[in-house]
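# Summary of structural features
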Amino acid sequence: MATKGKDMAVWGLDSERLKRRALAMLRWLLDPIRRTPVVVTSALLTLLLTVLIVNLIQPVDAAHAERSAGASASSTATVSARQFPKAHHSGKSASSSSSTTKNQTTRQKPDPAATSASPVDWLKPSQQVGYPDPAAHPGLSLEVSLQDQRVYVRDGSELLYTMYASTGMDDSTPRGSFRIQSERGDHFYNPGEGMGARYYTSFLNHGVFLFHSVPTDSRGGYIKEEADMLGIRPGSHGCIRLTVPDARWIMQSVPTGTPVLVK
């Protein structure tokens, strides 16, 4: 029993020494932190938290970026494939486009019509002067220039008035000498072309080739993208498009039999 009691006492001393050593080791480990200023400790903790947050968020941002890139590519493909509105005349060809470009680049000669860089106002007369009185001009004639996209109203060699025009695509307006015919009216509509016009006057084949206003749709409204070709390039299937007042003047005032020259 005495030996056993002695052993217990020794074990107790060893246990106390172990505790003291463990506490000393813990104090040694914590001592640098305890001596470090509060500001430095806070900065280190903030940096550690920042690193952790960045590492957590970065995969989310990468996934978001990947989804955004995919959505952007899809949107671009949609825009690239979208067909924007074209002129209502579907028969326009590459040769027509080439001819159009040629007309635009070569037609630079001045004319008496009011010239401006802005689009033609096809709801107004081409010139800010009155229309000639056919009764006062026995030699009245209409000369259509396919190159200039103009209609020149003449009395012999005297130029009386100049009109903006848009003639037939693919050289579809016949060239030659003709006369104003009896077929004329306030409006028409061609379901095959999907458009009509106001104030038409025939000059060939009795209602086939006409002077008329810029085109209208099935409800009678003017088609702006077609009207904007006026004075610039061909746009019709052979007829001669004019501003609304110009077409009305020809329909109401130019006598049947008046010479028409298309060149």
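So, here is what we can say about the structure in this document.

## With respect to the overall build of the chain
Scanning the chain for helices and strands turns up five helices and nine strands. Element order for the chain, N to C, with α for helix and β for strand: α-α-α-β-β-β-β-β-β-β-α-β-α-β. Partitioning the contacts of the chain with sequence separation of at least 6, the portion at a separation of at least 24 is 66%. Accessible area for the chain stands at about 16,400 Å²; split by element, carbon and sulfur atoms hold 60% of it.

## A word on the pattern of salt bridges
One pass over the structure, following the stated rule, counts six salt bridges. With its nearest N and O atoms 3.8 Å apart, the salt bridge here joins Asp121 to Lys124. Overlapping salt bridges, with partners in common, bring together Glu143, Arg154 and Lys263 in one network.

## Concerning the nonpolar core
Ranked by internal contacts, the top residues of the largest apolar core, which has 32 residues, are Val151, Phe203, Phe211, Leu242 and Val260. Mapped onto this core, the elements with two or more residues apiece are β1 (140–145), β2 (150–155), β3 (158–164), β6 (195–204), β7 (209–213), β8 (240–242), α5 (244–253) and β9 (259–262). No other element matches the five residues that α5 contributes to this core. Setting aside anything within four residues of it in sequence, one finds Val260 in contact with Leu142, Val144, Gly176, Ser177, Phe178, Arg179, Ile180, Phe203 and Phe211.

## Digging into the pairing of β1
For a regular strand, the rule is simple: side chains alternate between the two faces of the sheet. The buried count for β1 comes to six of six residues, which makes it a mostly enclosed element. Side-chain alternation along β1 places Leu140, Leu142 and Val144 on one buried face and Ser141, Glu143 and Ser145 on a second face that is also buried. Across six bridges, β1 lies against β2 in antiparallel orientation. Within the sheet, the bridge partner assigned to Ser145 lies in β2 and is Arg150. The antiparallel hairpin formed by β1 and β2 contains four residues in its connecting segment, where Gln149 sits at a positive phi of about 55°. Note: β1 against β9, three bridges, orientation parallel. Residue pairing across strands places Val144 opposite Val262, the latter belonging to β9.

## Let's talk about the packing of aromatic side chains
Taken as a whole, this structure holds seven aromatic pairs when the rule is applied. Taken together, a centroid distance of 4.9 Å and an interplanar angle of 35° make the contact between Tyr131 and Tyr161 tilted. Taken together, the residues span a long stretch of sequence, with Tyr131 in the loop between α3 (94–106) and β1 and Tyr161 in strand β3 at a distance of 30 residues. Classification of Tyr131 as partly exposed rests on a relative accessible area of 25%. Summarising the aromatic geometry, the rings of Tyr131 and Trp249 are spaced 5.3 Å apart at their centres and angled 10° between planes, so their arrangement reads as stacked. Of this pair, Tyr131 sits in the loop between α3 and β1 while Trp249 sits in helix α5, placing them 118 residues apart in sequence.

## Things to note about unusual backbone geometry
Backbone geometry places Asp170, a non-glycine residue, at a positive phi of 55°. Mapped onto the secondary structure, Asp170 falls in the loop between β3 and β4 (176–179). Owing to a relative accessible area of 39%, Asp170 belongs among the partly exposed residues under this scheme. The backbone phi angle of His206 is positive, close to 50°, even though this residue is not glycine. Summarising the element assignment, His206 is placed in the loop between β6 and β7.

## What about the side chain of Ser166?
Mapped onto the fold, Ser166 is located in the loop between β3 and β4. In this structure Ser166 touches Gln149, Met229, Leu230, Gly231, Arg233, Pro234, Gly235, Ser236, Cys239, Ile240 and Arg241, once residues within four positions along its chain are discounted.

## Observations regarding the sheet that holds β9
Read from one edge to the other, the open sheet built from five strands follows the order β3-β2-β1-β9-β4, with strand pairing classed as mixed. Two strands lie at the open edges of the sheet, namely β3 and β4, each paired on one side alone. Adjacent strand axes in the sheet meet at a mean angle of 20°, parallel and antiparallel pairs treated alike.

## Let's talk about the sheet that holds β7
Overall, mixed pairing links the four strands, which are arranged β5-β6-β7-β8 in an open sheet. Either end of the sheet is taken by a strand with one partner, and the two such strands are β5 (184–190) and β8. Ignoring which end each strand starts from, the neighbouring axes of this sheet average 40° apart. Across six bridges, the pairing between β5 and β6 is antiparallel. Counted as the bridge partner of His187 is Arg198 from β6. Of the strands in this sheet, β5, β6, β7 and β8 are in contact with α5, which crosses β6 at around 40°.

Rules behind the numbers
Residues numbered from 1 in each chain as written. Predicted model: local features only at pLDDT ≥ 70, side-chain atom pairs only at ≥ 80, totals over all residues. Heavy atoms only, no water. Helix = DSSP H or I, 4+ residues; strand = E, 2+ residues; numbered from the N terminus. Contact = heavy atoms within 4.5 Å. Areas by Shrake-Rupley, 256 points an atom, 1.4 Å probe, with all protein chains shown as cover. Salt bridge = Lys/Arg side-chain N within 4 Å of Asp/Glu carboxyl O. Core = buried A, V, L, I, M, F, W, Y, C linked by side-chain atoms within 4.5 Å. Buried < 20%, exposed > 50% of the residue type's maximum accessible area, 1.4 Å probe, protein only. Pairing = 2+ DSSP bridges. Phe/Tyr/Trp six-rings, centres within 6.5 Å; stacked < 30°, edge-to-face > 60°. Axes fitted to C-alpha atoms, helices over the stretch in contact; angles between N-to-C directions.

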